[in-house]
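Overview (structure and organization)
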Amino acid sequence: MAIETIGVVGAGQMGNGIAHVLAVAGYDVTLMDVDAERLEAAIARIGANLDRQVARGKIEHEDRSLALGRIRTTVSLPELGASDLIIEAATEKEAVKQKIFDDLAPSLKPETILTTNTSSLSITRLAGRTKRPEQFMGLHFMNPVPVMQLVELIRGIATSKETFDALQVVVQRLGKTAVVAEDFPAFIVNRILMPMINEAIYTLHEGVGSIVDIDQSMKLGANHPMGPLELADFIGLDTCLAIMNVLHSGLADTKYRPCPLLVKYVEAGWLGRKVGRGFYDYRGEMPVPSR
């Protein structure tokens, strides 16, 4: 299964990062989103991130131009059907992802491999909605994609060895490291990370420490590069809540119950950095605790 052309669904933070690293690795990429303005913003962001890599000596200026030239954009989902591989990187909502795969089905060529960048949802269940579960698996990149070295590979119950081997080759070509996770809720990284973040929110909710003190405690006391509340803002509180809900419902254990304060922030629309306010307020010169 030689893969050279790749379609990416979703031009948000994850989608544009995935398109970036694929193009640098020499793949021809079609980046699709229903919002043309989001596509324009994605290309601008990819260009800025490539400039940063040039400035740091990670790539040559010629590589920057070649990479940008390998990315084309479209608002038409069927245009991705001719790709060797499709990576779905839409919002972490199962109904949205299912509709994308349903809508893609009529335009796919027989050998196209389908993957999802989901951080928590069942690969087997998503694959079961397609007519090609053998050619479906999870390909979970970490955020920010151009910086983070890890990719989780998750097989569904029907994923073929040929599909898995082809995806391993893609990850190797990207210069990243693959880990293999079984198809359990939230896989490896988020199965460990999200309960820690949720517990930090409980620590705030119960008044054990302030936002700043909780983050300082983990940065200076556990040598974490970013505090858990700051990290939650970076990930997006809506995404954190979605993953905790998947863990809670999928594993039926009360230890995964989302903190009520996390629910309250999401209901308020305080979703983190992407909207300017979460546990911190980012609308001034420096982030400050939001409450």
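Residues numbered from 1 in each chain as written. Predicted model: local features only at pLDDT ≥ 70, side-chain atom pairs only at ≥ 80, totals over all residues. Heavy atoms only, no water.

Bringing the UniProt feature "site: Important for catalytic activity" (unreviewed entry) in the protein into the picture now. Taking the UniProt record as the reference, the feature "site: Important for catalytic activity" (unreviewed entry) is found at H140. Structurally, the position occupied by H140 is in strand β6 (residues 136–141). Excluding residues that lie within four positions of it along the chain, H140 makes contacts with T116, N117, T118, S119, L150, V151, E152, I154 and N190. (UniProt positions renumbered as here; feature names shortened; annotations may be inferred. Helix = DSSP H or I, 4+ residues; strand = E, 2+ residues; numbered from the N terminus. Contact = heavy atoms within 4.5 Å.)

Residues N143 and P144 are joined by a peptide bond in cis, for which omega reads 0°. Examined against the element boundaries, P144 turns out to sit in the loop between β6 and β7 (150–155). Positioned with a positive phi, A186 is a non-glycine residue whose angle comes to about 75°. Mapped onto the secondary structure, A186 falls in the loop between β8 (177–181) and α7 (189–205).

Relative to the elements of secondary structure, E4 occurs in the segment before β1 (5–9). Counting along the chain gives 162 residues from E4 to A166, while the straight-line C-alpha distance between them is 11 Å. Excluding residues that lie within four positions of it along the chain, E4 makes contacts with Y27, D28, D84 and R173. For E4, the side chain forms a polar contact with the side chain of R173, separated by 3.3 Å. (Polar contact = N/O pair within 3.5 Å; in protein donor to acceptor, adjacent residues only side chain to side chain.)

This part takes up helix α6 (residues 161–173). Its 13 residues give α6 an end-to-end C-alpha distance of 18 Å, which sits within 8% of 18 Å, the value for a rise of 1.5 Å per residue. Those residues of α6 that sit buried are T163, F164, A166, L167, V170 and V171. Take α6 and look down its axis: the buried residues cluster within an arc of 160°, on one side only. In α6, the exposed positions angled more than 90 degrees off the buried face are occupied by K161 and Q172. Those residues of α6 hidden inside the fold are in contact with α1 (13–24), β4 (85–88), β5 (113–116), β6, β7 and β8. In the segment just after α6, G175 is the residue with positive phi, at about 75°. (Expected span 1.5 Å × (residues − 1). Buried < 20%, exposed > 50% of the residue type's maximum accessible area, 1.4 Å probe, protein only. Arc of directions from axis to C-beta.)

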